[in-house]
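# Commentary on secondary and tertiary structure
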Amino acid sequence: MNLNKLASQFHNADFIKDDPVQFPHLYTRKTDIEISAFISCWIAYGARTQIIKTLNKIHQDFNGNPTNYIKEKKYFLFEKNEECLYRFYKNKDFFQLCETLHNIYFAKHNPYPSLEDKIKDLLKTNSPTALDVLETIIQLFPNQNGIPQNTKSACKRLCLFLRWMIRKDSPVDLGIWNILPLEELIIPLDTHVFRISKELGLTTRKQADMQTAIQITQSLRKTFPKDPLLGDYALFGYGVNQ
């Protein structure tokens, strides 16, 4: 089984049309891409058809301008809305997420031009690891439904967000951030990737947590030393072929 061949087969623009990454690809402004990508990754669990259905509705509400949607607090009608948005998310969870984004971009005191700039300002090192960045994002969204409380779990959706933001020269990922070198990224680990990774001998661990994600990423570096998350597409392709 050739991981390089599988990666090249699935790492192409055709991947976008059936994946939630299609939504941030609608935009060119950095803040629009960040907002769309973060919300899309937040929603990204379960069946892709249902994820995309929910994100279609959210992006219709954005009306082509996620930044303005956040700036003008057009999400405010969901503040106390207990109705289901998607699976175990309520509309009020979406409100809380958007309110935090508003406070990052449009705070009266010390607003930030981008989410990346906010994270850089909070980091205590100029050479952060992926775990440093993940922990900082978690710090920014305390008690948010759908955001892990720490990096003991695999943090699948946050790792996916970083893959989208950081992998450059990709037909799929957006590559608009410079906060980390791409070789430092950690694979977005879900049960599907975990099962395939065990089958291929990429991990010896028994649970899908952060240490397992790191071990799988280290295994992928043997095939993709400069870009281990290219292996994410290979594992996806292997799953499709199976």
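Basis of the calculations
- Residues numbered from 1 in each chain as written.
- Predicted model: local features only at pLDDT ≥ 70, side-chain atom pairs only at ≥ 80, totals over all residues.
- Heavy atoms only, no water.
- Core = buried A, V, L, I, M, F, W, Y, C linked by side-chain atoms within 4.5 Å.
- Buried < 20%, exposed > 50% of the residue type's maximum accessible area, 1.4 Å probe, protein only.
- Contact = heavy atoms within 4.5 Å.
- Helix = DSSP H or I, 4+ residues; strand = E, 2+ residues; numbered from the N terminus.
- Expected span 1.5 Å × (residues − 1).
- Polar contact = N/O pair within 3.5 Å; in protein donor to acceptor, adjacent residues only side chain to side chain.
- Axes fitted to C-alpha atoms, helices over the stretch in contact; angles between N-to-C directions.
- Parallel < 35°, antiparallel > 145°, perpendicular 65-115°, else oblique.
- Left-handed = near helix turned anticlockwise from the far one by under 90°.
- Salt bridge = Lys/Arg side-chain N within 4 Å of Asp/Glu carboxyl O.

### Some details on the nonpolar core
- Grouped together as the largest cluster of nonpolar side chains are 85 residues, with contacts concentrated most on I39, F94, F161 and L162.
- When neighbours within four sequence positions are excluded, L162 is seen to be in contact with V133, L134, I137, R167, W177, L180 and L185.

### Observations regarding helix α10 (residues 210-221)
- Look at α10: 17 Å from first C-alpha to last across twelve residues, which is about the 16 Å you get at 1.5 Å a residue.
- Those residues of α10 not exposed but buried are M210, T212, A213, I214, I216, T217, S219 and L220.
- Of the surrounding elements, those touching the buried residues of α10 are α1 (3-10), α7 (130-140), α8 (156-166), α9 (191-199) and α11 (230-241).
- For α10, the capping residue at the N-terminal end is D209, with a side-chain oxygen 3.4 Å from the backbone nitrogen of Q211.

### Some details on α11
- With twelve residues, α11 extends 17 Å from end C-alpha to end C-alpha; this agrees with the ideal 16 Å at 1.5 Å per step.
- Most of α11 is tucked away: nine of the twelve residues are buried.
- For α11, the full list of buried residues reads L230, G231, D232, Y233, A234, L235, G237, Y238 and G239.
- On the buried face of α11, the contacting elements are α1, α8, α9 and α10.

### Some thoughts on the packing of helix α2 (residues 30-43) against helix α3 (residues 48-62)
- At their nearest, the axes of α2 and α3 sit 10 Å apart, and the two run at 150° to each other. The orientation of α2 with respect to α3, classified from their angle, is roughly antiparallel. The handedness of the crossing between α2 and α3 comes out as right-handed. Residues I35, S36, I39, S40 and I43 of α2 pack against I51, T54, L55, I58, H59 and F62 of α3.

### Considering the side chain of S114
- Within the secondary structure layout, S114 lies in the loop between α5 (91-105) and α6 (115-122).
- Since its relative accessible area comes to 1%, S114 is described here as buried.
- Those residues within four positions of S114 in sequence are excluded, and the remaining contacts are K30, E34 and Y105.

### Here's the deal with unusual backbone geometry
- Backbone geometry places N63, a non-glycine residue, at a positive phi of 55°.
- Looking at the element boundaries, N63 is found in the loop between α3 and α4 (66-71).
- Take N63: its relative accessible area is 66%, and that puts it in the exposed class.

### Structural notes on the pattern of salt bridges
- For the structure shown, the criterion picks out 16 salt bridges.
- Note that K17 is salt-bridged to D18, the shortest N-O span being 3.9 Å.
- On the basis of relative accessible area, K17 is assigned to the exposed category, the value being 55%.
- On the basis of relative accessibility, which here comes to 42%, the residue D18 falls in the partly exposed class.
- As a salt-bridge pair, E82 and K90 come within 2.9 Å of each other at their nearest N and O atoms.
- Residue E82 is classed as partly exposed on the basis of its relative accessible area, which comes to 44%.
- A relative accessible area of 34% places K90 in the partly exposed class.
- Through salt bridges with shared partners, one network takes in R163, R167, D173, D227 and D232.

Nothing here speaks to function; it is geometry throughout.
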